[in-house]
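What follows is each chain in one-letter form.
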Amino acid sequence: MAYAYDPENIFARILRGEIPCDKVLESEHSLAFRDIAPQAPTHVLVIPKGPYVCFDHFANEASDAEIVDFTRTIGKVCAQEGVSPDADGGGYRMISNCGRDGVQDVPHLHVHVIGGKVLGRMLPGTKDHD
Ligand code: 5GP
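The structure displayed is predicted, hence computed values, not measured ones.

Reading the values: the criteria
Residues numbered from 1 in each chain as written. Predicted model: local features only at pLDDT ≥ 70, side-chain atom pairs only at ≥ 80, totals over all residues. Heavy atoms only, no water. Buried < 20%, exposed > 50% of the residue type's maximum accessible area, 1.4 Å probe, protein only. Helix = DSSP H or I, 4+ residues; strand = E, 2+ residues; numbered from the N terminus. Pairing = 2+ DSSP bridges.

(A) Focus on the pairing of strand E3 (residues 42-48). The buried fraction of E3 amounts to seven of the seven residues, a majority that puts the element mostly inside the structure. Because side chains alternate across E3, one face comprises the buried residues Thr42, Val44, Val46 and Pro48, and the other comprises His43, Leu45 and Ile47, equally buried. Pairing of strand E2 (residues 30-34) with E3 involves five bridges; the strand directions are antiparallel. For Leu31, the partnering residue across the bridge sits in E3 and is Ile47. Sheet analysis places E3 next to strand E5 (residues 111-115), joined by five bridges and oriented antiparallel. When the sheet's bridge partners are listed, Val46 is paired in E5 with Val111.

See the structure below:
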């Protein structure tokens, strides 16, 4: 599978410093910043610094170091944003939209970390919590 990465996508431009972002944290291989149109009180985008289009591209071709760093960065974002589940509630959702059917707008891998309120069921048409 050949993945075609567009280096002019908006997140590549953020990584190059051509466009500002509201940074949450940065590591050797990853960057986390606030979504420009937040869907919940916490809405952070976590991206690898490498040129990966989507999650399967990253999972298949990134180095172990990049994958560990990306995963740990998501964990640190959850801690920093205070959304980790605990006895009082909390919790969050991670979403990574991929490709046409996943309705991905920006073709650079990103995981949305969304929380700070009860989010409802995952997909439209499924039953909510009672
Ligand atoms: P997708 O639909 O690709 O999963 O999500 C792309 C996300 O990127 C959207 O939630 C959108 O609000 C966000 N976004 C698009 N352009 C920018 C930008 O320039 N800066 C930031 N911080 N977020 C952006």
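(B) Local environment of unusual backbone geometry. At Val103, a position not held by glycine, the phi torsion is positive, near 55 degrees. The topology assignment puts Val103 in the loop between strand E4 (92-95) and E5.

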